[in-house]
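Observations on chain architecture
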Amino acid sequence: MDQGLINRPSRLALAVSLGLCASSAAAAQVPTQNRPAKAVLVSKTTAMSQPPAAGQATLDDTAALAAFLDGVMKTQIEALHVSGAVVTVVKDGRVIYAHGFGNANIASGTPIDPESSLFRIGSITKLFTWTAVMQLVEQGKLNLDTDVNTYLRDFKIPNTFSQPVTMRALMTHSAGFEDGALGYLITEDSTKVPPIAVALKDHMPARVRPPLTLSAYSNYSAALAGLIVQQVSGVPYNEYIKRNILDPLDMKYGTVQEPLPAALKADSVTGYTRANGVFVPKPFEYVGGFRPAGSGAMSAIAMTHFMIAHLQDGQYNGARILQAKTAELMHSSAFANNPKLPAMDLGFYQQNMNGQHVIGHEGDTQYFHSAMFLIPDKQVGIFLSYTGSAAGPLRATTLQAFFDRYFPAPPVTIPPAPVDFAQTAQKFTGAFRFARHSYTKFDKAELLAQSPISVSVLPKTGRLLISGIGGEPEQFAPVGNGIFQQIEGHEQVGFTQDSAGNVTRLSVGSLPFMGTERVPWNEIPSLGHIVLAISMLLFLSTLTTWYYRRQDIRAMPSDRKRAFRLSGITAIWFFATFIALGSVVTAAASSLGSGIPTSLKVALVMPIIFVLLTIWMIVTAIQAWLRGYWGAGWRVHFTLVTLAAICVCLFFNQWNLLGWRFG
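Residues numbered from 1 in each chain as written. Predicted model: local features only at pLDDT ≥ 70, side-chain atom pairs only at ≥ 80, totals over all residues. Heavy atoms only, no water.

**What about the overall build of the protein?**
Secondary structure assignment for the protein yields 17 helices and 22 strands. A globule of 663 residues ought to have a C-alpha radius of gyration of about 26 Å, and the protein, at 27 Å, matches this closely. Projecting the C-alpha coordinates of the protein onto the three principal axes gives extents of approximately 95 × 65 × 55 Å. By the burial criterion, 55% of the 663 residues in the protein qualify as buried. Pairs at least 24 residues apart make up 72% of the contacts formed inside the protein by residues separated by at least 6 positions. Taken as a whole, the protein presents about 25,500 Å² of accessible surface, with 56% of it coming from carbon and sulfur. Each charge class in the protein can be summarised by its mean position, and for the 51 positive and 42 negative side chains these summaries are 11 Å apart. (Helix = DSSP H or I, 4+ residues; strand = E, 2+ residues; numbered from the N terminus. Rg over C-alpha atoms; globule rule 2.2 N^0.38 Å. Buried < 20%, exposed > 50% of the residue type's maximum accessible area, 1.4 Å probe, protein only. Contact = heavy atoms within 4.5 Å. Areas by Shrake-Rupley, 256 points an atom, 1.4 Å probe, with all protein chains shown as cover. Lys, Arg positive; Asp, Glu negative; His and termini not counted. Charge placed at Lys NZ, Arg CZ, Asp CG, Glu CD.)

**Section: the packing of aromatic side chains**
Tallying each qualifying case throughout the model produces 35 aromatic pairs. Ring pairing ties together the aromatic residues Phe539, Phe574, Phe575, Phe578, Phe610, Phe651 and Phe652, which thus form one cluster. Cation over ring: Arg274 sits above Phe279, and NZ or CZ is 5.0 Å from the ring centre. The lysine or arginine in question, Lys444, covers the ring of Trp655, its NZ or CZ lying 5.5 Å from the ring centre. (Phe/Tyr/Trp six-rings, centres within 6.5 Å; stacked < 30°, edge-to-face > 60°. Lys NZ or Arg CZ within 6 Å of the ring centre and 35° of its normal.)

**Thoughts on the side chain of Arg207**
Along the chain, Arg207 turns up in the loop between helix H5 (196–202) and helix H6 (219–233). Asp147 provides the closest opposite charge to the buried, unpaired Arg207, separated from it by 7.1 Å. Polar contacts involving the side chain of Arg207 include one to the main-chain carbonyl oxygen of Pro158, which spans 2.8 Å. Within polar-contact distance, the side chain of Arg207 engages the backbone oxygen of Gln163 at 2.8 Å. Each residue touching Arg207, except ones within four places of it in the same chain, is listed here: Ile157, Pro158, Asn159, Thr160, Phe161, Gln163, Pro164, Val165, Gly176 and Phe177. (Salt bridge = Lys/Arg side-chain N within 4 Å of Asp/Glu carboxyl O. Polar contact = N/O pair within 3.5 Å; in protein donor to acceptor, adjacent residues only side chain to side chain.)

**A short note on the pairing of strand E21 (residues 503–508)**
For E21, the buried fraction is high: five of the six residues fall into the buried class. Looking at chain direction, strand E20 (residues 492–497) and E21 are connected through five bridges and run antiparallel. Along E21, the bridge assignment pairs Gln497 with Val503. The loop that links E20 with its antiparallel partner E21 comprises five residues; one of these, Gly501, has a positive phi angle of about 90°. (Pairing = 2+ DSSP bridges.)

**Let's talk about the pattern of salt bridges**
As enumerated under the stated definition, the model contains 14 salt bridges in all. Of the charged contacts in the structure, one is a salt bridge between Lys91 and Asp92, with a shortest N-O distance of 2.8 Å. With relative accessibility at 48%, the residue Asp92 sits in the partly exposed group. Close ionic contact of Glu239 with Arg243 constitutes a salt bridge, the shortest N to O distance being 3.1 Å. One end of the pair is Glu239 and the other is Arg243, both in helix H7 (residues 237–246) and four residues apart, which spans about a single turn. In this structure Arg243 comes out as partly exposed when scored by relative accessible area, which is 48%. Three or more residues joined by partner-sharing salt bridges are found here, namely Arg209, Arg433, Lys444, Glu517 and Glu523.

**Examining the nonpolar core**
Counting 79 residues, the largest nonpolar core has Phe128, Leu170, Leu224, Met303 and Met372 as its most contacted members. With residues near it in sequence (within four places) discarded, Met303 still touches Ile121, Ile124, Phe128, Met251, Met298, Met372 and Phe383. One finds Ala85, Ile382, Phe403 and Ile453 within the second-largest nonpolar core, a separate group that totals 54 residues. (Core = buried A, V, L, I, M, F, W, Y, C linked by side-chain atoms within 4.5 Å.)

Geometric descriptors of this kind do not, in isolation, establish any biological role.
Okay, here's the thing in structure tokens:
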């Protein structure tokens, strides 16, 4: 979940990336770029969310609040084809708004009930896991800064770096793990649900950077913390959460158990997608061995109890799940990619919404999308969840509308840009990407279908033009302290420099859990597409020559004839490899989250054979020059084709397409 359990474009991006490679092999076309879902930001306020005149809107007027949110939600639900949704708002320890929209089950006509309808909350489940961790910290059973290997029984985290992974690093998504999901994160088959310890041992990601250096969202970190809760407490994870959080907070319509307890199955909201103009019901999603990262199913009213408990420093209706000091620690800054922008707390992440200090979390499964945000200074919280085709606009628009109406943004004064801005700002330019991706596994190929974050300078305006963190390129102006403010929107960005003054990463204010890194020159997606396009043209020229000069080739001496046939076979294998990989991944895209199909494993034999053909091409190219095969022009062409084959092999290796590199 981007901010949630799954990186929503993961499977589609992989299919698109290999499909693009296949189409590049079939025709020289410019590939469509695909942005990371979490880069979608609300940059402009819609007409429905324009704030009223100052002093008119107050949350104490609950009738006006209901009319406002009902209007926003109903408009958005109709426009975005949402089958079911729910919104709740709390203030000063009480529920001031709770409303369901649409149906929990379309076939039966069951309406959404805020009290009992169970929505899958995805990665908001992590907040329950982190709360459990803080309970054990409070009891002295866990230490935030102790090596987590101290608590693990069934396996150990490798000592890749001198600094150990700690609970603080897990809770701030800065443990330094690579990301991964293909083949194991979510399944619709209950028989494929392993115990937490087994799943985490079998799918341990590589450590790619020292802990507490960069926050890059990690489902593995939260699942590992849940396993530690289970092993340190001696109570199964599901039962621990029920006994120590759900029951004390009277969250009777809530669970982290999979499948749902028998008593709650009838209250489950069905997940839907939309196809051919109708809603299509989808099966229950099992997070399985990663359930501490996203298995929660909660009603909206149950979530109000959880929100109120955290707003009231750990207590709800006389029950206390955390001591006040522990809750205060949990809600305090613990790590920041840029200290001048919102930070990670211990599990919660900070947001600056219209100038308000906000903490919370979002969550996504394949079919559900949720958000929970708290304004501690105002004792206000909002929770919403929905299912249907909309993957983000409803959540973002509703939240922005709520804050624009009840917490209007103060005016932002943008100072004049420095006179030397055009020169000094050059260090900020270039391509960046979110560090939440795979480095060592097959999943890395997803990056081929994602457009990097691009930063350039608009010298005449004294602004930066940044694309890749919103729906369209946006202008940002310097506002001091190395921070840049979006001209028409609410976003801020900052840049981190090393000791030599070189900019190493860009930080996005609304994404404190998603640090970035500069894109290495050899991993810029467009470069890979260019390499494939040029290689494709050279291989096409080989096949064209092979066809139109076949009579001449037949008349060649046997060694020259074999050499030319080798180049033709290599060209055919090039096209066949990309077509096979693209076709297999596209066909299996909907099921890649739960398993790697045999067809993909078989297809991955093809790049290995291509490497063997390339080695043979290299040997033959050397022989062609030493023995004077053909004329000089044909030898040069054969050499260029060989170089193209070498580049394709490097491409396969760069994007983890050589071998079976699955998590």
